[in-house]
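Residue strings, one per chain:
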Amino acid sequence: MNRFVEKLYSIAGKQKRLVIGLMSGTSLDGLDVVIGYISGNGAGTKFEQLHFETVPYEEDFKKEIKNIFSKKQVNLERLTLLNPWVALYHAKIITELLLKWGIPNSDVDLIASHGQTIYHAPKSLHRNKKFGNATLQIGDGDHLAVATGIITISDFRQKNIAAGGEGAPLALYGDSLLFANDTENRLLLNIGGIANFTYLPADKSELMICTDTGPGNTLMDAFIQKIETGKYFDKDSLLAKQGTVNKHLLDMLLKDSFFALPFPKTTGPELFNLEYLVAAKEMSGTGNISDADCMATLNAFTARSIAVSFLETLSKDANIKVYMSGGGMHNPLLVETLKILLPGMEFYSSDVLGINPDAKEAILFALLANESICGKTTTFTGTGFPAVGMGKISLPG
């Protein structure tokens, strides 16, 4: 028997496993690296965080990814070269962090790597009858495993699509394991590049919901990067607070057919990008509005699309507590607007539930890796999410 297959069997039988979770989002701000102990599986899963750090990406890394990210036509040779290059870049970060934390590579049971999304193509977006849902993440798991000497689980989204899903959002799988509660209606809102939420009703006869709602930070970030060199996001909503929401532009931004699709649904920067903004400006006759008014409107667009998704699917009489994560929760104007639009809901950070809001997505993939190795498929009846284990296993040797 291959010694790493034997080791994998041993890991599956442990009471708790030391797992690294990696998340690299569409914002390209850096690699989220979390390490912690996971015990149990399924509804009995528990996560104990040891360390978390976001390692900022170098400008060269950002440039390489942006050259191929979310584009219908790219240099195929470059894409091929970047697949192992991204993995080795991430492996270097892991090795340096483990050294910093005083943890030998040999002590780590698993790496769970989301990889770097290059293109997300649900059928609702590409609309080509010949093809189904598809998505592509790079950062090859074999290179990561060999470079670190740690068994690696990666490429999680493919199994979800193979089993009938859209490959995103995958939050339901982790959220339901960690946050389901018998006495409290919980809504886990993650505002990354794209915003998504998981609704976990206390009444188990009521259906769980998990879906993308539309843009999170992606349009705001793209716009600030276009108009201000060296800035990657509208820190503290500084520019948005100087502007006024343009109703004509906001109404046009909200007219895309995506918002009429039933849940669950998924989207990405392939739709919500600067071209989308330019088209909305042209159709609404708002091409000459100020940068501040444009940013204020984009901020409101994200808030409104999230709020509308809540109000269309959740009971207005339900007592719901919202637990936020992702970079958008640090946008004060966005959060303030959400509270105004959703006065009946209470808003908290996921910190309240013991999960670092900035580490939450990396933790999610660590949990998916744990389920892949030692879990059993969980049934999500009626949610539109297939009950499958996800991730490809890469052995170091």
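See the structure printed just above.
Just so we're clear, the structure is a prediction, and the values are computed from it rather than from any experiment. Each chain carries its own residue numbering, running from 1 in the direction its sequence is written. Owing to the predicted nature of the model, reporting of local features is limited to residues with pLDDT of at least 70; listing and counting of side-chain atom pairs is limited to 80 or more, with chain, interface and lining totals taken over all residues. Water and hydrogen atoms were dropped before computing side-chain values, which therefore reflect all heavy atoms in the structure.

## Here's the deal with the overall build of the protein
Moving on, step 1. The helix and strand inventory of the protein stands at 14 helices and 12 strands.
Moving on, step 2. In this treatment the radius of gyration is a C-alpha quantity, and the globule benchmark scales as 2.2 Å times the residue count to the 0.38 power. Here the protein has a C-alpha radius of gyration of 21 Å; the compact-globule value for 397 residues is 21 Å, and the two agree.
Moving on, step 3. Each of the three principal axes of the protein carries a C-alpha extent, and together these read 65 × 50 × 45 Å.
Moving on, step 4. We call a residue buried when its accessible area falls under 20% of the maximum for its residue type, exposed when it is over 50%, and partly exposed in between, using a 1.4 Å probe and counting protein chains only. Sorting the 397 residues of the protein into buried and exposed places 53% on the buried side.
Moving on, step 5. It only takes one pair of heavy atoms within 4.5 Å for two residues to be counted as in contact. Put simply, 70% of the contacts in the protein that link residues at least 6 apart link residues at least 24 apart.
Moving on, step 6. Entry remark: accessible area of the protein is about 17700 Å², with carbon and sulfur atoms responsible for 52%.
Moving on, step 7. Averaging the coordinates of the 37 positive side-chain charges in the protein and doing the same for the 42 negative ones gives two points 3 Å apart. Helix numbers and strand numbers start at the N terminus; a helix is a DSSP run of H or I with at least 4 residues, a strand a run of E with at least 2. To measure how exposed things are, a 1.4 Å probe is used in the Shrake-Rupley method; for residues, cover is taken only from the protein chains shown. His residues and chain termini do not enter the charge count, which takes Lys and Arg as positive and Asp and Glu as negative. All charge positions are set by atom: Lys at NZ, Arg at CZ, Asp at CG, Glu at CD.

## Some points on the environment of Ser305
Moving on, step 1. In this structure, Ser305 sits in helix H12 (residues 291–313).
Moving on, step 2. Classification of Ser305 as buried rests on a relative accessible area of 2%.
Moving on, step 3. Along the chain, Ser305 and Leu50 lie 255 residues apart, while their C-alpha atoms are 35 Å from each other.
Moving on, step 4. In contact with Ser305, other than residues within four places in its own chain, are Thr213, Pro215, Leu254 and Phe259.
Moving on, step 5. Throughout this description, a polar contact denotes any pair of N or O atoms lying within 3.5 Å of each other; where both atoms belong to protein, one of them has to be capable of donating a hydrogen while the other can accept it, and for residues adjacent in sequence the pair is counted only when both atoms sit in side chains. Looking at Ser305, its side chain comes within polar contact range of the main-chain oxygen of Thr302, at 3.0 Å.

## A few points about helix H1 (residues 3–12)
Residues separated by three or four positions in an α-helix point in the same direction, a consequence of the helix having 3.6 residues per turn.
Moving on, step 1. Of all the positions in H1, only Phe4, Leu8 and Ile11 are classed as buried. Viewed end-on, H1 has its buried residues packed into an arc of 60 degrees, placing them on one side of the element. Those residues of H1 that are exposed and aimed more than 90 degrees away from the buried face are Arg3 and Tyr9.
Moving on, step 2. Where the residues of H1 are buried, they touch strand S1 (16–24), strand S4 (110–121), helix H14 (360–374) and strand S12 (392–394).
Moving on, step 3. Here H1 starts with a cap whose side-chain oxygen sits 2.7 Å from the backbone nitrogen of Phe4, and that cap is Asn2. The directions considered for the arc are those from the helix axis to the C-beta atoms.

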